[in-house]
Amino acid sequence: MTVRDRLIGLAEFGDERRRHRAIAALATCFALLVASPVIWMVVRALGAPPDAFALLVSPGTLQVLVNSVVVIAAVSAFSVLIGVPLAVLTVQTDLPFGRFWTVTAALPLVIPEYIGAFAFASAFGPHGAFADALVPLGVTSIPTIYGLQGTVIVFTLFTYPYVFLTTRAGLLSVDETLVEAARTLDRSSIGALREIVLPQVLPAISAGVLLTALDSLADFGTPAIMHYDTFMRQIYVQYNNYAQPGYTALLSMELLVVVAVVLVLESRVSGDANAGFSGGGSGRPGSVRLGRWRWPATLFPAAVAVLAIGVPLAILVKWHYRTGTTYAGFAFHLSDVLHSVEVSALAAVAALVASLPVAYYAARSDSPLSTVVDRVSYVGYAVPGLVLGISLVYFGTAFVPALYQTLPMLVFAYVVRFLPQAVGSVRSSFLQVDDTLTEAARTLEHSPLAAFRRVTIPLVAPGLAAGAALVFLTTMKELQATLVLQPTGFRTLVTYIWKVQEAGYYSEAAIPALVLVGVSALSMLVLLARERYDV
Amino acid sequence: MSESNHTRPKSTRENDAERAPRAEGAGDDATGDVVLRLDGVTKRYGTEEAVTDLSIDIREGELLTLLGPSGCGKTTTLRLMAGLERPSEGTVELNGDHVAGEDAAFVEPEDRGVGVVFQDFALFPHLNVRENVAFGLTDLDDEATDRRVDDLLDLVNLAGMGERAPDELSGGQQQRVALARSLAPEPDILLLDEPFSNLDVRLRVRMREEVREILKEAGVTAVSVTHDQEEALSISERVAVMNDGRIEQVGRPGDVFEDPESRFVASFLGQAGFLSTHIGESRIETTIGTYDHDLLRGYADQYVGATVDTLVRPDDLRATPANESTADGHITKRQYTGPSFVYHVRLDNGDEVRCMHNHAERFEVDEPVAVELVADHALAWYPTE
């Protein structure tokens with residue numbers, strides 16, 4: 001009897017069918033709610049005045065479009081050049097201290113890009129730490145970090161771990177016996193890697209590239225710090241200037257089109273979106289022997305680690321000990337941290353509650369509607385936080401002024417943004433609870449509700465906790481929606497950092513930035529503990 | 001099928017002693033109280049019928065096995081009994097009460113008093129052995145629960161393992177926990193879904209003896225499901241052979257094996273060959289010889305003149321060396337099973353039969369052989385296909 005038969009059989013139960021319908025309805029409601037900001041943005045863009053459309057095709061806007069495409073193309077390419085070799089080195093070879101390099105290669109992900117960006121600006125900018133260090137050597141000027149190069153370097157260094165992690169998961173899921181079969185068919189270990197392993201890992205690589213591209217497209221902090229005009233920066237500037245009503249919405253729409261193109265490109269490459277994503281697999285002995293290159297090979301992960309972890313941390317620590325001018329208005333308060341914790345906790349609970357019906361529905365039903373609901377809940381993945389925030393500002397000011405710049409609105413934005421994380425965690429937990437376990441409980445004189453309480457809930461609890469923790473931690477470091485939607489006077493860690501950074505008081509940002517990096521590191525631990533890499 | 005079948009096939013004879021105390025009332029014409037009755041039950045998934053118009057009675061204290069190939073509907077039947085599926089048509093009766101059917105309220109599995117041992121055991125991974133066994137004991141106080149759990153762990157020989165987690169147990173131990181857990185609430189009937197299929201071969205043979213003993217000691221009525229004919233024949237009081245959603249035959253293992261009512265049952269239980277047989281006035285004629293009418297089970301004169309297929313099992317036939325002129329056919333295949341060989345022989349008229357020989361008697365493929373009927377019992381026969 002197939003799982004499908006069982007599901008149909010289950011659905012035929014009267015009570016069960018009613019419950020099923022209730023869950024489906026609830027899941028659909030949540031999914032629509034999550035998608036509503038995008039719909040609203042479309043409405044807003046369509047209602048834009050004609051001169052805004054003219055602006056859209058102005059040379060300035062086209063330049064921004066080209067800039068953004070160049071950035072994501074370059075970042076994607078460099079991320080593959082760094083992430084894939086690192087993954088192959090740590091999984092498929094006898095690299096010394098492989099586990100250590102695995103951790104260092106994944107760690108840059110815990111440094112929010114905007115913190116990485118001003119660490120790099122501070123280190124390699126004019127009169128930065130690096131320039132100062134070179135002066136005694138007679139070097140008076142270094143190539144500028146600002147512009148395209150700085151943007152690409154920062155995005156690459158802090159988002160390549162997506163490619164690294166998904167590629168690694170893909171490599172680990174490749175059946176070792178396939179490689180052995182290729183070897184017995186007269187392929188060298190390198191040949192087997194190229195002909196057997198890499199084709200199977202391609203979907204995983206492209207999934208990682210997708211995350212990298214979406215992240216670099218969505219961040220406006222880095223281009224702002226690097227003085228490079230991309231979509232996000234342009235949208236932020238336009239939004240703050242209230243210059244052209246509708247223009248911001250149109251720009252956002254154009255950005256969403258670019259996002260859609262990236263999504264389509266990714267699904268073209270990967271075909272089956274699930275392939276190569278199975279994670280799992282156990283550590284395997286290196287199947288490629290590096291020979292005398294074994295030790296020199298460690299220079300590569302070491303260099304990446306120095307740039308992506310060493311530089312930002314060193315700069316943050318240096319800032320902290322620098323006695324610079326401090327400004328009373330920028331004093332760091334404990335209340336900033338408490339505010340961060342408060343919104344993050346609220347977002348975690350709300351996202352968890354919203355994810356339950358969506359995840360349960362996606363896990364227990366294979367109807368087309370459940371697939372749509374599942375996909376729609378992923379909208380937050382693709383829509384940049386700033387676009388989401390602006391859309392909610394429009395919506396709030398136009399329809400529910402009472403909610404504009406309130407905590408519920410901000411929390412709603414977080415839920416839309418991070419629901420996929422909760423749904424991913426919760427759904428996989430539900431999938432791991434075998435139907436026969438609840439059936440066994442039924443035959444042991446437990447009602448469906450009692451079975452759910454005594455069997456399903458204890459088994460999914462760790463997954464629920466992990467999902468909530470993930471949302472909590474990522475909300476802590478969310479910058480863009482927070483900047484746009486924060487209630488007046490409600491300062492959090494990230495808005496504080498952004499404010500002092502904009503004002504140039506870098507030293508004030510050191511402690512909160514280190515706190516944030518610590519928080520992000522925790523979220524990485526949660527992810528690694530779950531052994532799942534779909535961030 | 002009747003009590004007139006006195007001879008039993010050799011392969012199940014050793015079980016007779018064990019079965020003897022229950023021999024009364026164990027056949028399909030037995031008269032024990034009916035614990036569970038399916039009456040005209042049909043189960044459809046969409047347009048597909050998994051079970052078709054199936055009726056069967058399960059009697060107090062017996063162990064009945066539903067036997068059939070995968071996809072024959074046996075697991076669905078078991079789930080219908082448990083209340084994990086609802087019948088599309090027909091009724092299910094438990095101890096005389098309707099628990100499912102058109103004119104009866106559906107009784108949920110938790111209210112039926114049935115125990116189920118699942119194929120993958122379905123032990124709760126977050127509970128230890130004791131907690132798993134105690135899971136269904138919802139009505140007892142703590143002390144009574146502890147006593148009952150101790151008794152059950154003793155019964156399944158797991159005393160002292162109570163604090164272990166399910167994943168720290170071997171397959172056989174997990175099975176015994178699953179058994180203890182399902183027996184704990186003293187179910188009226190125990191349902192076992194392919195209970196041994198997750199165990200390796202050696203353990204399977206040991207566990208089926210052990211499980212049988214535990215069931216008998218607990219005195220529970222049980223229905224098991226399997227596709228393994230050896231398992232079905234060796235542990236059950238009665239076997240119901242299923243094919244394509246229907247029960248083809250119900251009866252004691254020996255009777256079903258020896259007197260299959262259909263070609264399907266004959267072929268599914270053990271290796272079967274068929275001899276084209278012409279029923280003459282005084283003798284029956286086959287390509288390997290002519291025999292008395294008595295050789296055909298249930299022979300009656302009205303069949304004279306008909307051509308039928310007679311069931312011959314490998315142990316009913318013997319091959320002997322022959323030259324091309326005296327041969328009945330040629331060896332087409334040699335199957336080595338350890339203690340014996342089974343030779344496939346294609347007879348000159350095209351019939352395919354098999355002969356069992358001890359390992360010392362050797363023939364080569366393509367060797368001409370004479371085939372001799374050595375059966376000491378009447379043979380089943382079927383209309384020619």
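How each quantity is defined
Residues numbered from 1 in each chain as written. Chains lettered and ligands numbered in written order. Predicted model: local features only at pLDDT ≥ 70, side-chain atom pairs only at ≥ 80, totals over all residues. Axes fitted to C-alpha atoms, helices over the stretch in contact; angles between N-to-C directions. Helix = DSSP H or I, 4+ residues; strand = E, 2+ residues; numbered from the N terminus. Parallel < 35°, antiparallel > 145°, perpendicular 65-115°, else oblique. Left-handed = near helix turned anticlockwise from the far one by under 90°. Contact = placed C-beta atoms within 7 Å. Nonpolar A, V, L, I, M, F, W, Y, C, P; charged D, E, K, R; others polar. Domains from an automatic or database assignment. Buried ≥ 20, exposed ≤ 12 C-beta atoms within 10 Å, placed from the backbone. UniProt positions renumbered as here; feature names shortened; annotations may be inferred. Pairing = 2+ DSSP bridges. Bend = angle between axes of the 7 residues up to and from the residue.

**Overview of the packing of helix α6 (residues 171-183) of chain B against helix α7 (residues 201-218) of chain B**
All names here are of chain B. Where α6 contacts α7, the two axes come as close as 11 Å, and the packing angle between them is 20 degrees. The orientation of α6 with respect to α7, classified from their angle, is roughly parallel. Considering only the axes of α6 and α7, their crossing is right-handed. Between α6 and α7, the residues in contact are Gly-171, Gly-172, Gln-175, Leu-179 and Leu-183 and Leu-203, Met-207, Val-211, Ile-214 and Ala-218, respectively. Partitioning the contact of α6 with α7 into residue classes produces seven nonpolar, three polar and no charged.

**A word on the domain arrangement of chain B**
Here the domain parsing of chain B yields domain 1 (10-113 + 187-262) and domain 2 (273-383). Taken over C-alpha atoms, the centre of domain 1 of chain B sits 34 Å from the centre of domain 2 of chain B.

**As for the interface of chain A and chain B**
With 20 residues of chain A at the interface, the matching set in chain B holds 24 residues. Those elements giving two or more residues to the side of chain A that touches chain B turn out to be α1 (3-12), α20 (435-443) and α21 (448-476) of chain A. Here the side of chain A that touches chain B gets six residues from one element, more than from any other, and that element is α20 of chain A. When its residues are assigned to classes, the side of chain A that touches chain B shows nine nonpolar, five polar and six charged.

**Here's the deal with unusual backbone geometry**
Phi angles above zero are rare outside glycine, and His-227 of chain A is one such case at about 50 degrees. Mapped onto the elements of the fold, His-227 of chain A is located in the loop between α11 (221-225) and α12 (231-241). A residue is classified by how many C-beta atoms lie within 10 Å of it, and His-227 of chain A, with 14 of them, is partly exposed. For Asn-157 of chain B, which is not glycine, the phi dihedral falls at a positive 60 degrees. Looking at where Asn-157 of chain B falls in the secondary structure, it is placed in the loop between α5 (142-155) and α6. Judged by C-beta crowding, with 14 C-beta atoms within 10 Å, Asn-157 of chain B ranks as partly exposed.

**A word on the environment of Arg-212 of chain B**
Residue and element names in this part refer to chain B. Assignment of secondary structure puts Arg-212 in helix α7. A tally of 17 C-beta atoms within 10 Å means that Arg-212 is categorised as partly exposed. Spatially, the C-alpha atom of Arg-212 lies 8.5 Å from that of Ser-236, the residues being 24 residues apart in sequence.

**Regarding the domain arrangement of chain A**
Residues and elements named next belong to chain A. Per the domain assignment, the segments of chain A are domain 1 (9-43 + 324-535) and domain 2 (48-277 + 297-321). Placing the centre of domain 1 and that of domain 2 at their C-alpha centroids yields a distance of 24 Å. The interface is formed by 29 residues belonging to domain 1 together with 35 residues belonging to domain 2. When residues of the side of domain 1 that touches domain 2 are traced back to their parent elements, those giving at least two are α2 (14-46), α17 (379-382), α18 (385-398) and α24 (506-529). In terms of residues, the side of domain 1 that touches domain 2 owes the most to one element, α24, which gives 12 residues.

**Considering the UniProt feature "domain: ABC transporter" (unreviewed entry) in chain B**
The UniProt entry lists residues 36-269 of chain B under the feature "domain: ABC transporter" (unreviewed entry), expressed in the numbering used here. Helix makes up 34% of residues 36-269 of chain B and strand 27%, whereas the separation of the span's terminal C-alpha atoms amounts to 26 Å.

**Section: the packing of helix α15 (residues 334-364) of chain A against helix α16 (residues 368-376) of chain A**
Residues and elements named next belong to chain A. Closest axis-to-axis distance for the α15/α16 pair is 9 Å, and the angle between their directions is 135 degrees. Taken together, the axes of α15 and α16 lie oblique to each other. In terms of crossing hand, the pair formed by α15 and α16 is left-handed. Facing α15, whose interface residues are Val-358, Tyr-361 and Ala-362, α16 presents Ser-370, Val-373 and Asp-374. Here the contact of α15 with α16 is built from residues that sort into four nonpolar, one polar and one charged.

**A short note on the sheet that holds strand β16 (residues 329-336) of chain B**
As a general point, the strands of a sheet are linked pairwise by backbone hydrogen bonds and lie either parallel or antiparallel. All names here are of chain B. Across the sheet, which stays open at both edges, the five strands sit in the order β15-β19-β16-β17-β18 with antiparallel pairing between neighbours. The open sheet is flanked by β15 (317-321) and β18 (352-358), the only strands paired with a single partner. Ignoring strand direction, the axes of neighbouring strands in this sheet form an average angle of 45 degrees. The pairing of β16 with strand β19 (residues 368-373) spans two bridges and is classified as antiparallel. Following the sheet pairing, Gly-329 is matched in β19 by Val-369.

**Considerations on helix α10 (residues 189-218) of chain A**
Since there are 3.6 residues in each turn of an α-helix, residues three or four apart along the chain are aligned in direction. The largest bend in α10 of chain A amounts to roughly 50 degrees and is located at Leu-198 of chain A, with the proline Pro-199 of chain A lying one to four residues further along. Within α10 of chain A, 21 of the 30 residues are buried, which leaves the element mostly enclosed by the surrounding structure.

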